[in-house]
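# Descriptive analysis of the structure
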Amino acid sequence: MSGDRGPTVRETVDIFVAGIADGSIRDRSGRIYKPSTRRGYQRELRGRVVEAFGGSRLRELTLPDTQRWADGLAACGLAPATVRNVVTALRALYGWALPRGMATVNPTVGLRLPT
């Protein structure tokens, strides 16, 4: 067993955002992220996601953690589409981090989002 707990959410967001900005990290179909997607991911990840989870270890977030967070976003009056956009950015981060061993599960799988 390794004592390495992995990177924090903040550290992973910094790597991910820099990679999508310079084109070294691509979307799941292998294409460079569109400018509007890059801006949106950067805004949501560096804003709401880091604000909520920045100091947490990426591999230690759980589905209940992210569900409470998503419920809180909706309770604060964010539109359902905005909540989905924020969660989509976090899903993309985990989609990139999982195969690189930075996380062991994706805590956004199974989230119940507002309609």
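Scroll up to find the structure.
Residues numbered from 1 in each chain as written. Predicted model: local features only at pLDDT ≥ 70, side-chain atom pairs only at ≥ 80, totals over all residues. Heavy atoms only, no water.

Before going further, it helps to examine the overall build of the protein chain. Counting its regular elements, the protein chain contains 4 helices and 0 strands. Counting from the amino terminus, the protein chain carries its helices and strands in the arrangement α-α-α-α. A compact globule built from 115 residues would reach a C-alpha radius of gyration of about 13 Å, and the protein chain, at 14 Å, matches this within 12%. Overall, the C-alpha framework of the protein chain stretches about 40 × 35 × 20 Å when taken along its three principal axes. The burial tally for the protein chain puts 39% of its 115 residues in the buried class. In the protein chain, once contacts between residues fewer than 6 apart in sequence are set aside, the share between residues at least 24 apart is 69%. Carbon and sulfur atoms form 51% of the exposed surface of the protein chain, whose accessible area is close to 6,600 Å². With 18 positive and 10 negative side-chain charges, the protein chain shows a spacing of 7 Å between the two charge centroids. (Helix = DSSP H or I, 4+ residues; strand = E, 2+ residues; numbered from the N terminus. Rg over C-alpha atoms; globule rule 2.2 N^0.38 Å. Buried < 20%, exposed > 50% of the residue type's maximum accessible area, 1.4 Å probe, protein only. Contact = heavy atoms within 4.5 Å. Areas by Shrake-Rupley, 256 points an atom, 1.4 Å probe, with all protein chains shown as cover. Lys, Arg positive; Asp, Glu negative; His and termini not counted. Charge placed at Lys NZ, Arg CZ, Asp CG, Glu CD.)

This paragraph deals with helix α1 (residues 9–22). Under the 1.5 Å per step criterion, the end-to-end length of α1 is 20 Å for 14 residues, consistent within 8% with the ideal 20 Å. Turning to α1, the residues buried within the fold contact α2 (35–53) and α4 (80–97). (Expected span 1.5 Å × (residues − 1).)

This next bit is on the environment of G54. As for its placement among the helices and strands, G54 is situated in the loop between α2 and α3 (63–75). In this structure G54 touches T8, V9, R10 and V49, once residues within four positions along its chain are discounted.

Look at α1 against α2: their axes get within 10 Å of each other, and the N-to-C directions meet at 175°. Accordingly, the angle class assigned to the pair α1 and α2 is roughly antiparallel. Mapping the contact onto sequence places V9, R10, V13, D14, F16, V17, I20 and A21 in α1 and R38, Y41, Q42, L45, R46, V49, V50 and F53 in α2. The residue inventory of the contact of α1 with α2, partitioned by class, reads 11 nonpolar, 1 polar and 4 charged. (Axes fitted to C-alpha atoms, helices over the stretch in contact; angles between N-to-C directions. Parallel < 35°, antiparallel > 145°, perpendicular 65-115°, else oblique. Nonpolar A, V, L, I, M, F, W, Y, C, P; charged D, E, K, R; others polar.)

Let us look at the packing of aromatic side chains. For the structure on display, the rule yields 4 aromatic pairs. Ring geometry for F53 versus W69: centroids 5.3 Å apart, planes at 65°, classification edge-to-face. With F53 in helix α2 and W69 in helix α3, this residue pair connects regions lying 16 residues apart in the sequence. There is no split in this pair, since F53 and W69 are both buried. Chaining the aromatic ring pairs together yields one cluster made of F16, Y33, Y41 and W96. (Phe/Tyr/Trp six-rings, centres within 6.5 Å; stacked < 30°, edge-to-face > 60°.)

Shape is all these values report; function is a separate question.
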